Structure formats: C-alpha cells, structure tokens
4 protein chains.
Amino acid sequence: MRLPPSTLTLPSSPQQSQPSMARRYAAVRAATEALARPLSAEDCCAQSMPDASPVKWHLAHTSWFFETFVLEAHESGFRAFDPAFRVLFNSYYHGVGRQHPRPQRGLITRPDLATVRAYRAGVDARMQQLLSQPEVPGDVLALVELGLQHEQQHQELILTDVKHLLWCNPLWPAYQGTAAAVVAEAIAAQDTAWRRLEGGLAQIGHDGEGFAFDNETPRHTVFLQPFEIATRPVTNAQYLAFVQAGGYREPAHWLAEGWDWRRAQGLEHPIYWRGDGECGQGGGPGGWSEFTLTGERPLHPAQPVVHLSYYEADAFARWAGARLPTEAEWEVAAAACAGPAGCVDHPADADVLDDGGRLHPRPAAPAVGADPFQPMGGEVWEWTQSSYAPYPGFAPAPGAVGEYNGKFMVNQYVLRGGSCATPPGHVRASYRNFFPATARWQFTGLRLARDAR
Amino acid sequence: MRLPPSTLTLPSSPQQSQPSMARRYAAVRAATEALARPLSAEDCCAQSMPDASPVKWHLAHTSWFFETFVLEAHESGFRAFDPAFRVLFNSYYHGVGRQHPRPQRGLITRPDLATVRAYRAGVDARMQQLLSQPEVPGDVLALVELGLQHEQQHQELILTDVKHLLWCNPLWPAYQGTAAAVVAEAIAAQDTAWRRLEGGLAQIGHDGEGFAFDNETPRHTVFLQPFEIATRPVTNAQYLAFVQAGGYREPAHWLAEGWDWRRAQGLEHPIYWRGDGECGQGGGPGGWSEFTLTGERPLHPAQPVVHLSYYEADAFARWAGARLPTEAEWEVAAAACAGPAGCVDHPADADVLDDGGRLHPRPAAPAVGADPFQPMGGEVWEWTQSSYAPYPGFAPAPGAVGEYNGKFMVNQYVLRGGSCATPPGHVRASYRNFFPATARWQFTGLRLARDAR
Amino acid sequence: MRLPPSTLTLPSSPQQSQPSMARRYAAVRAATEALARPLSAEDCCAQSMPDASPVKWHLAHTSWFFETFVLEAHESGFRAFDPAFRVLFNSYYHGVGRQHPRPQRGLITRPDLATVRAYRAGVDARMQQLLSQPEVPGDVLALVELGLQHEQQHQELILTDVKHLLWCNPLWPAYQGTAAAVVAEAIAAQDTAWRRLEGGLAQIGHDGEGFAFDNETPRHTVFLQPFEIATRPVTNAQYLAFVQAGGYREPAHWLAEGWDWRRAQGLEHPIYWRGDGECGQGGGPGGWSEFTLTGERPLHPAQPVVHLSYYEADAFARWAGARLPTEAEWEVAAAACAGPAGCVDHPADADVLDDGGRLHPRPAAPAVGADPFQPMGGEVWEWTQSSYAPYPGFAPAPGAVGEYNGKFMVNQYVLRGGSCATPPGHVRASYRNFFPATARWQFTGLRLARDAR
Amino acid sequence: MRLPPSTLTLPSSPQQSQPSMARRYAAVRAATEALARPLSAEDCCAQSMPDASPVKWHLAHTSWFFETFVLEAHESGFRAFDPAFRVLFNSYYHGVGRQHPRPQRGLITRPDLATVRAYRAGVDARMQQLLSQPEVPGDVLALVELGLQHEQQHQELILTDVKHLLWCNPLWPAYQGTAAAVVAEAIAAQDTAWRRLEGGLAQIGHDGEGFAFDNETPRHTVFLQPFEIATRPVTNAQYLAFVQAGGYREPAHWLAEGWDWRRAQGLEHPIYWRGDGECGQGGGPGGWSEFTLTGERPLHPAQPVVHLSYYEADAFARWAGARLPTEAEWEVAAAACAGPAGCVDHPADADVLDDGGRLHPRPAAPAVGADPFQPMGGEVWEWTQSSYAPYPGFAPAPGAVGEYNGKFMVNQYVLRGGSCATPPGHVRASYRNFFPATARWQFTGLRLARDAR
C-alpha cells in the first residue's frame, strides 16, 4: 500500500463502547512504541529509499492523523502541538495542505526523537481526555477506530522500512536480538497440495460486520471458473529451485516489463538473499543465507519465500506451470475455510503484536488429516494477479478523511492474507493490500493457482 | 499496444482460400506503402521518442515478420535478404535472438529507404510465389493471416508515430495536404445521452468466427451490475470545459500517480493542443487549436477529444461525476447494438484505409429516432478502467510466434473500439488494445459510464 | 576540496617537538568534538546530499586516518578497533581497499554515535601512547601533523555540511544559539577600493617554512601583467544589486555552462537567501534574509556575500566590469601585505576555533589611513579564475598517503584565503583550496580583479 | 570546441581583396558540400547524441551565419529565406533570439535536405552579389572571413559527427569507399624521441599577422621551466600497450573523476576500437580493429592513437611516467620548428580538403637526420593539460557576433595542432581548440611532455 486509501464505511463499522475504545487506543498506541524500542534515535531518523519512511516519521505521522482528523475537529479549545507539524507529517493529503517532500523525510533531524515522543504523549493525553467525556458521538468513535487501523498499517511499515534500512548497512545489523534458533518442522516442499473450488456465482467484499476499509466494499457478485489453489505459500526451497534452474536468466518466464526491470538492476535472486559467492555467512542450502530482522541466517527451506516483487512472483508461477490467483479466487478460497474467523489465523481479539517469531514468516503447519481447507494468510502477503481497482458501485466518501478514496487505484496489484508483521486482528479475508509491481521490501510472497483440470 | 501480443488461435481462425489470401496480402502490403508515400526519406528515418519507431523501421519490421516466421520456415531454399536484418528489425522476440536497442532505431540511416523498399519488394515476390503453390497448408495460411493483422497494427502506428514526430518540429508541418475544410455537423455537446444495460451474466471474448488475437480468448462468462454508458465519446467541447474549469490544477480529480505525472511534466492540457498564449494560430473556441496530421486547425467542439492519457481520461470522468467503463461493460454494450457486425462501424470487407477524413476522428452522427443503440468505435480508442490481464483459461500458444503471449499483461490498460487510423476490418467488439497509463500519442479518447441509477 | 589531496612535503615540514605535538594533537581533536557538541545523534547521522557527509562520518573518518596511516604502521601489536571500519570510513583511498558508497553514508546508523565517540577515544589514547614514547621518528611526527591538518579540513566541512542539512529542514533550525545581534560597522558598498600591483616576474607556492600540502609546491616563477585587485570581498549589498538588476535573467553575464546550470535549477539568487515572496521572515534590504548557522537573519549589507558557485561569482564579476583574479595574482597580492604572517588574519598560533562570530563571515574592517594593503582572507574562500592544476615540477609522493596526489586536478577551480569556518592557523597565502564550479555549500565568495589601467 | 567562440580581431585580421574573397568564399562553401556528397538525406538528418549535430543542420547553420550576421546587416532589401530558420538554425546566440533545443536537431526532417541545399544556394548567390559590389567595406569583408573560418570549423564537425553516427549503426557502414590499403611506413614505437626546450620568458598568442580568433589574443609573455616534449604523438602501439597492461583497471593511473567516468560507462579501451572478443573482424595486433570513416580496419600500430578523452590521455601519460604539455609549452615548441609556417604541416594556401588519406591520421614521417624539430600538428588534436581560460588582457568584442566571446571558458581543456580532418590553412601554432574532458568523438590524441632532467 502506498499508504492507506483509508475511509471508514460508517454503516458497516461496529460501534465499540467508549471504555473499550479508550483501552484499545492505549494498546494500539503502545504497540507502536514497542516496535521502536529496540532502535536508537539514529535508526529512527534515517530513510533508506523514497518508498520507505523513517521510524520517527511513522511515530509522528500516526499522531498527526489523530491530531488533524480527530482533535482539530472535536477537541474544544484545540491548539496544535506545533503548527509546523501540519506540513511536516502530512503524508499525501492535499486537502489538508502542503506536504514535506517524501524523499526528504530522512533529513528531518529536528524535531528530534524525544520531541516526537512528547508529541505522541501529548496527543495521547488529549485523546484519552476526549474519550473520557460522556457521550462521545458515534462518528467520532468511528474516526478513532479509523486512526487505529491506520496506525496498525504503519506498524507493519515500521518493520519493513527499518528492515530495508538495516540491510543497506554493509554490517547487516539485527533489528532485535540474535536470530533465535528456528525449529522448523520438517515439511518437504512437495507437501504442497491443490485445493479445488467449483467457481460459479460468488460474493466477495466486506460483509458488513466489523471494521473494513472502504475499498473492500460494496460486497458484490462475481462469476468464477472452476480453479485450484495451493494449500500453502511457495517455500524458499521451491523458489531456490527456480533460481538454481536459471530462472533469472530466461526471459520466457517473465513479463516483458519484469524482464527489463530485472535486467536493468542485474538481479539474480530475491532481495535480502545472499549466495555463496557474495561474502555472506551462508549456511543454508547451496550456501544461501537471508537477511532478517534478527540478522543473517541460513535460508530455511520450509519457510515461505518472502520479499518478492510481483514480477518475480509471476515469473515463478509461470515457470512452475501455474499462475497467480485473482483476488476473487483468493477470497472465495479463504471464505471456504472452516471456522468462524475465516482463514486468517490471527486471533481476532488481540491488539498487540506478540513477541518472538513474528519477525519472520513461519513454515506452514503440517496438514491435519485429509482436510485441505487450512487457514490462509498470516505469514506473507500473497500477490494476486488482480490490478487494484474499484469494486462495482464503489463510491468515495465525502470530506477530508475520505478525500482520496480511489486515488491509488492504478498500476498497483492486490495482495491478500496478511504477513507475520501484520498486527493480529488487523487482517480479514476481504482485506485488500496493494503495492506496485516493483515493490519487494514488504513481506510479500505468493500462493499458486491454476485452472481446474 | 506495446507491439502486438500476437498469436492466432488456430481453431477459431477461418481459412481464407489461397487466391483470396494472395489478393488480401497484396492489398494490405500496398496499404502500408501508401501510408509512407507522403513522406520523405528523412521523415521515414527519424524517431521522436523511444515509444515511437521510424516509419522505415515499420516498413522493414513488418517484412521481417513474414521473412522470419513464414519464409524461413516454409520457403524451400530460403536465403535471408540480408542476415543483419534479423537483429536490426526484430522488435522484441527473444526467441529469434538479439534486438537492436529500441531507442536507437532512428540512427539506422543504413539500410536506406530505397533498400528497405527493395526488401519489401523481395519479400512480397517470395510470398506471392509461396502463395501460388498448390496446396498451401492451413497453418501457413494462418501464419500469413497473422502477419497481415500484425501489419495492420503497424499501419496505425505509422500514423501515430509520424504525427508525434511532426509535432516535435516547431514548424508543425502536415503529414498530408492542408487541413481540408471540416464540415462538421452541428452537434451540441449536451446531445450525449446515456444508454442503460441491465447487467447480470454475460459472455465476452471472441466468439469463434473470423480472426482474433489470442488475448481475446477464451470467450467466458462474467457477471455485471446494471450500468449506463454514454452514446458517444467525450467531445472537445466537453473536455475543454474541464480544462477551463481548472481541471489540471485540482488534485482531487486525479489519481495520485496521475497527478504526480501531470505535475512533473507541467501539463495544462492535452498533447497536440495549443492555447491562446502559446503562439499557435488559434481559431477554435477560446483561441484553442490542435495539431493534426493535416496541420494545425481550430479545435472542433463536436469532434471526439483525442490523445488523452489514461490519467487524463480518468480525471475527466471523475470531474464529470462518472467513470470509465470496464472492458466487459464496453463489450457487452457494443454487442447490444443492432446489425450483424456489432457496433464497429467500419465495413468489415474493406482492406485499405480510405482517404480523406480518416486522419482525424469525426464528430458523432446525430441520433436517429429514439434508438440509443448507435454503433460504438471507429473514431477514437476508448480507455477502459480495466487493467490488461489474461482471460480465465487463457493459455499461451507454444512455439516462436506465440512465445510471448501474455508478456505485456501488467501495468497496461485496455482500450476498445478502434480509431480513425485503424484499418477498416481490423477491429471488432472483442478486440483488446492496450497501452500504459501515460501513453497519449495514440488516438485515445474515452466514453463515460456510470452505475445504473 | 573534494577531500584533501594530502601529502606532506617532508623537506619543508617543520618538526614539532614530541611534547608540543602531543598537546597539539589533543587540542585539534578536542576542537573537532566541540563542533559536534551542539548536535544530536540524529543531526550527526543524516546526509543531505552526496557532496556532504554526516558529522558522525567526519568524526570517524578523521580517526580512521590516524588508525590507518599512523597506528597500523607504527603501533606495536596493532589491532583494529573494528575491522569493518576500514571499509566503512575510507573516503576514497583505493590503495587502502574498498569504500562504502559515498551517497549512502547517511544510512550508517550503526555504529551509533556513542560507538564512534568510543572509537575516537580509543584512537586518541593509543596515539597519545605512541607520542609519549621516547624518540618518535620524524616521519611519524610528520604523518601525525598531516593527520591534524587533514582533521582541520574536516572541521570546516562539519560546519558546511551541517549547515546544508539544517537548511534542508523546512524549519530552518539553528546549529547553535540564536543569531547574536550582529553589530556591523557601517561600511558602504562603494568603499571598495582597488590596489594596484605591477606584475612582472614573481614567485608563488609554499616557501619552505612550516607545513604545506604538496599541491602548494614547488615554489616557482610566474610572469604577471600589471593588475588591480579589490581591497575587500564583494558584499551582500553589492551582490544584491546584481540580483535586483536582473542578473539572474540575462545570459550575457554568464558562462554558457553557468547559464544552463542556473536555468536547469531555476535559480534566482544564492542558496541560503530568501526573498520577500518566499515565506521567510525577511527583514533585510528588500525583504531579503539569509539562513546561517545561527538561524535565519536579515541579509546584512556589509557582510561578504557567501555560498556562491564559481558560475555566480564569475557572472557577478562580468556584470561589474571586472573579473576573478588568477590564483597567482591573488597570492602575489596577499604576499604584498604587511606583516610576517602574510595577509591571512588568523593568529597563526591558535589551534582551536574561537567561539561566537566565527560561524559567519564578518564585514570588512574600515580601511586604516591610506594604506590599501589590508590583510586578505579569513572571511570567505575567494574563487579565482584558475583551474586547479599541478604546479610545474609537481611530483606525487610515493606510498599510501600520497597515492592520489594529483587525482583531483581536473574540472575544479582554486579558492584562496580561508573562511570564517577555517580553523585558525590552518590557512596561509599559498594554500590552495578547490571545488567544482557548481559547489556553493562552502563558505565561498569572491574578490574582484581587473587589468591595470 | 562546443562551437566556435568566434570573434575576429579586427586590427590583426588581414584584408583580402574583394575578388580573392569571392573566390575563397566559393571554394570554402563548395568544400562543405563536398563533404556531404557521400551521404544520403537520411544520413544527413540523424543525430547520434546531443553533442553531435546532423550534417543537414551544419549545412544550414553555416548559411544561417552568413544570412544573419552579413546579409541581414549589409544587404539592401534583405528578406529572410525563411523566417523560421532564424530560430531553427541558431546554435547558441542568445542575442539573436531563441534556439531550437540542441538535443532535438535530429527531429527536423522538414525543411528537407533539398530545401537546405536551396537555402545554401540562395545565400551563396546573395553573398556573391554582395561581394561583387564596388567598395565593400573592410568590416564586412572581415565578417565574411569570420564566417568562412566558422564554416571550416563545421567542416571538421561534419566528419566527426557523421563518424559517430555511423559507428552507432551496428553494421559499421563506411562514410566513403572501402578502407584503402594503408601503406604505413615501418616506424617502431620506440622511435619517439624527446626534444628539449629551455623555458624562460616566452611569448605566446597570435602575433598579429593573418586571421585569428579572439581567444588567441592578446599575445603575451609567459615564464616556462625547462621541459621536454615528444617528437611525435602517441601511437596505437604505445596506447595498446597501456590497454594490455591493464591500464583501464588500475585507478592509480587515473584522475579521480576520470576513473569514475570510466567505471560508470564500463570502458575498457578507446571508443571505435574493437577487440578480439567483441565480434569485430579484428586483424590488427592482438585482434584489435578500429572503426574509421572508411569502415573497420585492423588497428595500425604506427598511426597516432585517436579519439581519446582528456581522462584517457592523462591516464596514459601518467602510466608512461610523463605528463601532458601545457598549451604554452606546446606553442613554444611548435614555434621552435623550422619554416615560416610554424610547425603545422598543412599547406597554408589550400582551401579544400584533399581526398583520400585525410579521413584518418597518418603515421609520423621518419625523422630526417638528427633534427628533432619536426613539424607538430596536422594528424590529431593534442590534449594539453591547460584549462581553457582567457589570456591576460583578453577583452570580449562588443556586438552580436562577439557577444559570447569567453562564454565557454570553464571546464574545458585546450587542444592544439589540428587533425587530419581540419581543413588545410585553418590551423596555426596559436590556434586554441577546446572540449570537455569527456569528449572523445573528435580526432583527439596526445603528445607526451616531461620536466627537463
């Protein structure tokens, strides 16, 4: 997502009670700060590329969101923490006014990190004050919920952006700890199986219960051909086979634009990988290792391959004799899973990231019995072949927050499922993430699909 | 199209008889040469931007196609006209070998135009020899048909590429003649009406009769919401109203990427337009004029607006309270028109461009009676909101010609309908043209759609 | 200087006694740290453009110089503080090995500032240990002296680089304090006078006493025409007259390359200036203000104009009916001043920057009596028209330190005189600073010259 | 030269009689047309890079010069051939008005070549008419002489620009004929000898007899150290030894900027060379061949190396333990040669290029007896280490023609001596050609110098 095209859909957004909202606000805000805790002020200030933002900027911008869209409209006697922040931490809202140029976010050494933390604390105190008033109107609560969903999106971006920054450092320093020993269950690559779905008329889009972004609506009918979808994401072992078979040297596997992109940058493997001849520590199969948020570690065969561009995901699928699913296929398959929460395996009531293994995708659990309908999502965002476009009947909400509802709906591709870095409770089967075909610093992988035989 | 994703679908391609194929071959090849006739050797050699190719290159490449894919495989005692041409005039077929770099096509002053014409003549003689043999196999005839369809695509590119070249010349010279007096019928802009279609299950894609490119297949079922579509393309008068209302200065109308693109280039109006303050001859409404293949002329209010990028078309539609149609909506609407030939108004049996008014789109004919189902297409390519993607079940053909069937299916948008510069008989309701969202040197306009009320 | 083309000339380098060298080492190193004191870790980490380096990098690189060129060769039992630093903080010494890419110095958030300070402390302790040994050889002392001169060059770069960084921040924060009230003596612009020199045979280059960089040698004979040189640098008032006379809009004043450069960037005035319409606080003549290391302040008419590119300096001179001096003219004029220290007005024995007004150039002192021979230098580096080239007989020193002696001698222009930010004692009449014609983030101004009438 | 910094020095410009001027005019103009004769209209229209211009543009611009600077001012009843040409064929004269953008000169397919030839013929007829009037004033004759000198500069550019264009064509077509057998005299590389000059006070600059450009004046005194200069330019064999010794892989030989330039472009040898592994026909030593105006031919060991950038010339000199001469050293050495015409070996009275061997530099003639003072120049332009700068006392001429006298005097280096492609009679010992350090499509080589031992 080139930042969230966020507007809440008021009718379908469930009202939380004020007390629970105040608690939820505190929890989500604290989770963001926890993510910044292992980082120094320097780590939080630097920007490794225009697509990524400094952590400090994320900390400030998410507060700016509450200050600008909630407090400015609904706090009595509103006074800005610092009027300059209105421009400095505006991401792309033309309606709010000018924006500091995105590629220069890393030059904002002042305000310093301590000031930004004070900004957060100030906004939090005022927000709690607001939420403690009797009878907060429903539309204000809805705005707060939107701000929290927005903040959760930035939680994931904090991890992906800092990962890219640390990778640019030739020392490959770890975000946190040393790589814990990863006890991977022994799952052979060939364990991947196909799940068949019959197609026909189906409904996709948000069903009206719980929060959703407007781009997930309206729920509507589609017609699908019968298709098959893999029971798990593509693994490192499977992708490595593609690399070792010369997949990055054979144009026939690639979209023309993808091939030009690959060649212009001289890519021979995924970002964050390092092979034998590239002075890494190696240790994985064929001497391959991988940079992770806990430092360099041997490439794990059974873990999902991650940090692929759309071009790489598509090329792999073609080489494998399959294709990417459409987003409708993905959603229909996810909805076919057992359980009330759909296929997404995060507990829906958790507000904070759990610690430990959440910094990298885990190998898929072994299949239980003969049931192919395992949960989908939760480890890597899965590229679909669908261009990000408005659903039929999609209507932008009026007003400032919703000003830009569809403004990213061109030249981006939809990803589904949520990743290890996505906050629990933040993803659902209808969630539409989106990035340009070149993006590979997110936790992006793929799941194969094919026409039913 | 970033050159034709061409493979023919053998089962659905009707077999022409040999004699008629020989006649058709001669007619199509002659039409190409007729297009080059008003041009000097210098005109034919220059390349105005990497997206465009020199006319001489088009003349050679279309011959290369027959030499490489037909003669090399099926001529006994084949000898290349010049072995160097294999690289020089290969567009993007990795399977055939290396390619001369696209941005440097304009530096190929040798072979000169006379040599390229001799190349054409040589290929033509050998092709006619081949076609005069008894019992030419069906698959060879199918390849010849593909080559002719390919050549017709390049006929349109010759006109659009040379138009861009002449426009780069500050003298704005005409491709041909002086602008003929355009006797436009008096059609007020407000004459545009909406046609309602009920949606539901529908079939799109090529129906199996006559030639089609593989990207039009397989024919398949889609489900559509009820929608409305305009009875004619957007006119210059309508688009000028957008310009004059400050449409190029208000980010709210634009996709975010479109706004950045517009601003980076400082665009204030469509390419080929010139306003009062820009030292043109003016003469149109508000002093606006337009560069055409017959030179500069006053902007004609009732003519379809042309040479829009996807971003501009989309911004106009949003400003107008409407949207672009999807390609399925477009095709279903076109199929609903009366007449056996669908909505496309070119006579299907004509092989050559007619002269005169075909160098610029014409104003729409007045509605006849109360029938809203007028033909669609034939004046401007109409942007749809659909990303260019494979149809369900699309399978690339094996072998050299079909090697790259889907390779352009990313970051491009589908256009429908055919333009004034499209050879008659070359377009049909299922035809899928495609270009990147930034392209505006093609004859591209739009037709509005909206959800049914 | 695109970093110091440094080699010391052993014969001409005066031997300091060991104890005085140890004291001098401590003083120079402490001065560097004093410069970083007003800055946060974030300030020290960011890099505003490839030409500039982070302060932290300067702190580390100057220590790397001593570790690599002195300790590694002359410390018994040498062990690197951190082997990775050898690459990380190597500026451009191919002979020492690979270098971290210059444009990515700002991404080195680790090692953090505290670690770099520990690195400095470690190197200092080891250096003092080395210097406390009995009988340190002369060539080692010479290397130490070179390292200190090198460090003084970086002291100036710290100020210019951080100035550029802070200017990129839209808040225009101050490096230090608030702008002290500047009590400028009332010197009218027309007070500038011309000093005549008779030319003929003269000697330029270092005369063999005291330290000098190798590019100042050998001292040699030149032949000069009679010329006149201004008694003070061009002032803000004089330069503002050029701006207000449309100097940035008239190509006749500019070198062709300078005009193209100006136009491509849309420049209308010097970097760091802000005019009435540019949302500054203004306050100076015509509403002009200037960004300084102490924040924004009104443009002071009598202060030397500073932060000009060569193109701007040259254009101003042509507009003023004069020209830039050659470096030989400059040096001969400086040598003609009274006093044993030449014209440079820094006390030669001071090792540290004094505080206060040294962060910005001061207005020239009023002329004393009729003596035109006032000191030259000390406020702004003065562009000469001389391309940076080897003196006749210049011979690169052998070995690692001197490896690249002449390697910057192309497409750079010589500046003379030293600026407010140059450490006292670091400049002399023969000192040759050099930068590309586009550079304007240094404290660069000009002094006019003309042919004698 | 980035086009001639041309102004004539009226006092020193000898007056030709009117009849001889008319004859000279005809001869020079005819020589230009002769150069275009082997080329097609397509060859004449294309532009291979922004630095180079189409031949058609040269044909038109040189006529524009006479029309604008002579006829417009001095023809009674002046009417422009075509008013649009004033902008179209203005190179860089801001005083004359706007200019067509240089990088788009290749898009000017109209006017076509025939029209430009008609333009030339029209200007010529009007010029001859003017020159046949009684009593043409001296200043008009001086302007005509300037126009002819200007045209001769473009004659050389026609050859170098078309050479670059043809080289961009993968077919490497010849400008003219096939490579004639080159009967090179057997001169071993080691035949190069050093000539010693004693330095001291000397005069350089134009001496007042015959035509000179203003940048050659005023003649003035310089002081030189004793030096030695090679008796011939560096040969292919000598330069090949540098290539084969790994000269393009060792940064120590290169200026820092030159090394970055070399590496960014991946250069391993001079432009126009082709080695064994690069699919050329080879045939020279080590399989090396060279693209020439007569096509590809084996690298000739004894011919001067040609088409070097300043960086390459400088790197070679450093590798060889020598250096480039200064322009003063070059001129003093040239003046020391026997013969009234200085060292330049072109017959001074010839107005036209001779045919045949003039399209490529020839091997140096064997030394005659013990006399080291052989002529200098005439084969390759020789890089000097001198930045292109104004001579002391240089004063730009007033008025339109002289408007930009010094405007190229930055970031360019002086070349001396004239090349095989320089029209006879056009070069003299004081002639100052100049190009940026990156330029290598001119006939540029070098001659070594060193400090006297």
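Residues numbered from 1 in each chain as written. Chains lettered and ligands numbered in written order. Predicted model: local features only at pLDDT ≥ 70, side-chain atom pairs only at ≥ 80, totals over all residues.

What follows covers the relation of the copies chain B and chain D. Under the fitted operation, chain B is carried onto chain D by 0.0 Å of movement along the axis and a turn of 180°, and the coordinates agree to an RMSD of 0.0 Å. In the structure described here, the two chain copies are related by an operation that fits a two-fold rotation axis. Taking C-alpha positions as the reference, the residue of chain B nearest the rotation axis is Glu42(B), at 2.5 Å. Both copies contact each other with a shared surface, as 100% of the interface residues of chain B are interface residues in chain D too. (Least-squares fit on C-alpha atoms with pLDDT ≥ 70 in both. Contact = placed C-beta atoms within 7 Å.)

The subject of this paragraph is the sheet that holds strand S9 (residues 413-416) of chain B. Residues and elements named next belong to chain B. With mixed pairing, the four strands of this open sheet are ordered in space as S10-S9-S8-S11. With partners counted over all chains shown, the strands left at the sheet margins are strand S10 (433-435) and strand S11 (444-445), one partner each. Bridge count between strand S8 (residues 381-387) and S11: two bridges; the pairing is parallel. Bridging from a neighbouring strand, Glu382 pairs with Gly445 of S11. (Pairing = 2+ DSSP bridges. Helix = DSSP H or I, 4+ residues; strand = E, 2+ residues; numbered from the N terminus.)

Taken residue by residue, helix H8 (residues 256-265) of chain D has Glu257(D), Gly258(D), Trp259(D) and Arg262(D) as its buried positions. Buried residues belonging to H8(D) abut helix H9 (310-319) of chain D. (Buried ≥ 20, exposed ≤ 12 C-beta atoms within 10 Å, placed from the backbone.)

Our next topic: the UniProt feature "domain: DinB-like" (unreviewed entry) in chain A. Following the UniProt record, one finds the feature "domain: DinB-like" (unreviewed entry) at residues 25-158 of chain A. Within residues 25-158 of chain A, the helical portion is 60% and the strand portion 0%, while the C-alpha atoms at the span's ends are 18 Å from each other. (UniProt positions renumbered as here; feature names shortened; annotations may be inferred.)

So, on to the interface of chain B and chain D. Tallying the contact residues gives 25 residues for chain B and 25 residues for chain D. Mapped onto the side of chain B that touches chain D, the elements with two or more residues apiece are helix H2 (41-45), helix H4 (85-88) and helix H6 (138-168) of chain B. The leading source of residues in the side of chain B that touches chain D is H2(B), at four residues.

Turning our attention to the environment of Ala439(A). All names here are of chain A. Mapped onto the elements of the fold, Ala439 is located in the loop between strand S10 (433-435) and strand S11 (444-445). On the neighbour-count criterion, Ala439 (22 C-beta atoms within 10 Å) is buried. As for Ala439 and His307, which are separated by 132 residues in sequence, their C-alpha atoms are 8.3 Å apart. Excluding its chain neighbours within four sequence positions, the residues that come into contact with Ala439 are Ser309 and Thr444.

This brings us to the interface of chain D and chain C. Listed per partner, the contact involves 27 residues of chain D and 27 residues of chain C. Where the side of chain D that touches chain C is concerned, the elements lending two or more residues are strand S3 (220-224), H8 and strand S8 (381-387) of chain D. The greatest single-element share of the side of chain D that touches chain C, amounting to four residues, is contributed by S3(D). Here the residues of the side of chain D that touches chain C sort into 15 nonpolar, eight polar and four charged. (Nonpolar A, V, L, I, M, F, W, Y, C, P; charged D, E, K, R; others polar.)

All names here are of chain D. Strand order in the open sheet formed by four strands is S10-S9-S8-S11, with mixed pairing between adjacent strands. The sheet terminates laterally at strand S10 (433-435) and strand S11 (444-445), the two strands that pair on one side only. Both strand S9 (residues 413-416) and S10 contribute to a ladder of three bridges, which runs antiparallel. When the bridges of S10 are listed, Leu415 appears paired with Asn433.

Turning our eyes to something else, we now look at the domain arrangement of chain A. All names here are of chain A. Here chain A is described as being made up of domain 1 (10-168) and domain 2 (189-451). Listed per partner, the contact involves 24 residues of domain 1 and 22 residues of domain 2. Elements supplying a minimum of two residues to the side of domain 1 that touches domain 2: helix H1 (18-36) and helix H6 (138-168). Of the residues forming the side of domain 1 that touches domain 2, the biggest block, eleven residues, is contributed by H6. Here the side of domain 1 that touches domain 2 is built from residues that sort into eleven nonpolar, eight polar and five charged. (Domains from an automatic or database assignment.)

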